[in-house]
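Residues per chain are reported as follows:
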Amino acid sequence: MNSQSNSQLMAEAREVIPGGVNSPVRAFGPVGIEPRFIARAAGARLWDVEGKEYIDFVGSWGPLIHGHAYGPVVEAVCQAAGRGTSFGAPTAAEVQLARLVCERVGSVEMVRLVNSGTEATMTAVRLARAFTSRSKIIKFIGGYHGHADTFLVKAGSGAATLGTPTSPGVPKEVVADSLTAEFNDLEAVRLLFKANAGQIAAVIVEPVCGNAGVIPPQDGFLQGLRELSCSEGAVLIFDEVMTGFRVGPSGAQGLFGITPDLTTFGKIIGGGLPIGAIGGRAEIMKQLAPVGPVYQAGTLSGNPIAVAAGLASLRALDSELYNKIESLTSRLENGFRDNLAKLSLPFQFQRVGSMACLFFTEQPVINYAQASSSDTERFAAYFRAMLERGIYLPPSQFEAFFISAAHSPQDIDLAIEANLGALRTTT
Ligand code: HOZ
């Protein structure tokens, strides 16, 4: 156990790190308490520095599909580290990881590895703009594609949580070309294409909106985006940083049967270590330097430790694992829904695969406008009550929680029981 208490650590952290945290949502601001400093984790469990144990439904924001400290990943990391931590030169393992992504995700013919989801989306848009010789992009309100300037317009995740969906410091000229529409509103996209004929380089979308809570695509929405992008000569980018390898073996595109032109991936392809990737049609990918003129680079890209972890994690994803996670998540869904019914609470449980959330609003949520009508004070009270009961959820109404293969049916039942108690305290 750490000699400092959680509060002492937070006080010290605030002196040397803005807000005491290295990413804003984890500050727990909107839920009105201090974040827990984590000492260690294993499987589905987390322990804070004061020794309190939690069942974790954050999973490092999604990538830990096998749970924490998964044996094959830990072993791969240790072995890779022993061979050298960074070369800034190509390795055989990078080729294997790229090949594996191409094999699993049908739309991906070539892959470029980067260091984060933010880098991946930034590069995907640069590629799309170069490929089409156009500047404008369409993104969705409440969609989050990392923190590059282009995307910090009406953004979800931390930006929505902190109430700064369009960040100061982003020059208005930079985002003048970022057009927005509500998620699931195909007509709005059609109108944007019409008003900006021949100027839209790309439509970028999280196929399941996962940074405004969890909002599934309505029937025909993704297909409509595919058709409109094709007919208007724009590149369709699926941001699968959250959904890739998570909602199914070939991500949301496999689940919904849509073929985007480009796809971005994040930390799940590194077994939770820092990594990202852009993949897609070879014709577009070959615009990247050194083959083509679109510049993108990084010393740590394809880092041997992250790549080794990614290979170990992705190789262990099989249909048995997806079936297991599906059955755990549906157990959780049934339990949470029963609790809502028992207490006559009209709130919304929404999920796709093993991503889920509980919206404190009475209407089914199909877009950000509806998500933001949720009672965030009530969510905060619920979050605190769950944490007290040892259930670690994302500390924001506008994030997803994740179920991993390391959760047991008993863990799920404990979460259901805690959910009933926590909901009672908020009514
Ligand atoms: N933007 C992340 C969730 N979608 C939060 C990352 C973090 O705080 O670590």
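Data block above holds the structure.
Because the structure is predicted, anything quoted here is derived from the model rather than measured.

Attention now moves to the sheet that holds strand 3 (residues 53–56). Read across the open sheet, the 4 strands follow the order 1-2-3-13; overall the sheet is mixed. Whereas interior strands pair on both sides, the edge strands pair on one side only; in this sheet they are strand 1 (38–42) and strand 13 (391–392).

On to the site of the ligand, then. In the vicinity of the ligand, the residues found are S23, R26, W61, Y144, S157, N211, M242 and E399. One of the side-chain nitrogen or oxygen atoms of R26 is found 2.7 Å away from an oxygen atom of the ligand. At a separation of 2.9 Å, a nitrogen atom of the ligand approaches a polar side-chain atom of E399. Alone, the ligand offers 290 Å² of accessible surface; in the complex the protein occludes 84% of this. Considering only residue class, the shell around the ligand consists of 3 nonpolar, 3 polar and 2 charged.

What follows covers the sheet that holds strand 14 (residues 401–402). Strand order across the open sheet formed by 3 strands is 11-12-14, with antiparallel pairing between neighbours. A strand with exactly one partner marks an edge of an open sheet, and here the two such strands are strand 11 (348–352) and strand 14. Across 5 bridges, strand 11 lies against strand 12 (residues 355–359) in antiparallel orientation. Bridge pairing in strand 12 places Q348 opposite F359. Running over the sheet, helix 12 (residues 319–342) touches strand 11, strand 12 and strand 14 and is turned about 170 degrees from strand 11.

Applying the stated criterion across every chain yields a total of 16 aromatic pairs. A ring pair is formed by F336 and F349, whose centres lie 5.7 Å apart and whose planes are at 75 degrees; its orientation type is edge-to-face. Taken together, the positions of F336 in helix 12 and F349 in strand 11 put the pair 13 residues apart, joining distant regions of the chain. Considered together, F336 and F349 belong to a single accessibility category, that of buried residues. For the pair F379 and Y382, a centre-to-centre distance of 6.4 Å together with 55 degrees between the ring planes defines the contact as tilted. With F379 and Y382 both in helix 14 (residues 376–388) and 3 residues apart, this pair spans about one turn of that helix. In this pair, the class of F379 matches that of Y382, namely buried. Linked through ring pairs, F28, Y54, F347, F360, F379, Y382, F383 and Y392 together constitute an aromatic cluster.

A few words on the pattern of salt bridges. Under the definition given, this model contains 12 salt bridges. A salt bridge links E326 to R351; the nearest nitrogen and oxygen atoms lie 3.0 Å apart. Highlighted residues: E326 in helix 12 and R351 in strand 11, separated in sequence by 25 residues. For R351, a relative accessible area of 17% corresponds to the buried category.

Across the 5 residues that make up strand 12, a large majority, 5, are buried. Where burial is concerned, the two faces of strand 12 agree: the one with M355, C357 and F359 and the one with A356 and L358 are both buried. Between the antiparallel neighbours strand 11 and strand 12 lie 2 residues, among them G353 with a positive phi of about 55 degrees. Across 2 bridges, the pairing between strand 12 and strand 14 is antiparallel. Its bridge partner lying in strand 14, M355 is registered against F402.

Let us now look at helix 3 (residues 92–104). Helix length check: helix 3, at 13 residues, gives a terminal C-alpha distance of 19 Å against a target of 18 Å (1.5 Å per residue), a fit within 8%. If you check which residues of helix 3 are buried, you get E94, L97, A98, L100 and V101. Within helix 3, the buried residues cover an arc of 160 degrees as seen down the axis, which keeps them to one side. Turned more than 90 degrees off the buried face of helix 3, the exposed positions are A92, V95, R99 and E103. Buried positions along helix 3 lie against strand 4 (110–114), strand 9 (262–265) and helix 11 (304–315).

Below, the discussion takes up the packing of helix 12 against helix 15 (residues 409–426). The angle between the axes and the distance between the axes are what describe a pair of packed helices. Packing of helix 12 against helix 15 brings their axes to within 9 Å, and their N-to-C directions diverge by 20 degrees. Between helix 12 and helix 15, the angle is such that the two are roughly parallel. Helix-helix and strand crossings are classified by hand; for helix 12 and helix 15 the assignment is right-handed. The segment helix 12 lies against helix 15, with L328, R331, L332, G335, F336, N339, L340 and K342 engaging P409, I412, D413, A415, I416, N419, L420 and L423.

Turning next to the packing of helix 2 (residues 71–82) against helix 11. Two elements in contact, helix 2 and helix 11, have axes whose closest approach is 8 Å; the angle formed by their N-to-C orientations is 150 degrees. Relative to helix 11, the element helix 2 is oriented roughly antiparallel. Taken as a pair, helix 2 and helix 11 cross one another with a handedness that is right-handed. The residues of helix 11 that touch helix 2, namely those facing P72, V73, A76, V77, A80 and A81, are P304, I305, A308, A309, A312 and S313. Taken together, the residues that form the contact of helix 2 with helix 11 break down as 11 nonpolar, 1 polar and no charged.

Parameters and conventions
- Residues numbered from 1 in each chain as written.
- Predicted model: local features only at pLDDT ≥ 70, side-chain atom pairs only at ≥ 80, totals over all residues.
- Heavy atoms only, no water.
- Pairing = 2+ DSSP bridges.
- Helix = DSSP H or I, 4+ residues; strand = E, 2+ residues; numbered from the N terminus.
- Near = heavy atom within 4 Å.
- Polar contact = N/O pair within 3.5 Å; in protein donor to acceptor, adjacent residues only side chain to side chain.
- Areas by Shrake-Rupley, 256 points an atom, 1.4 Å probe, with all protein chains shown as cover.
- Nonpolar A, V, L, I, M, F, W, Y, C, P; charged D, E, K, R; others polar.
- Contact = heavy atoms within 4.5 Å.
- Axes fitted to C-alpha atoms, helices over the stretch in contact; angles between N-to-C directions.
- Phe/Tyr/Trp six-rings, centres within 6.5 Å; stacked < 30°, edge-to-face > 60°.
- Buried < 20%, exposed > 50% of the residue type's maximum accessible area, 1.4 Å probe, protein only.
- Salt bridge = Lys/Arg side-chain N within 4 Å of Asp/Glu carboxyl O.
- Expected span 1.5 Å × (residues − 1).
- Arc of directions from axis to C-beta.
- Parallel < 35°, antiparallel > 145°, perpendicular 65-115°, else oblique.
- Left-handed = near helix turned anticlockwise from the far one by under 90°.

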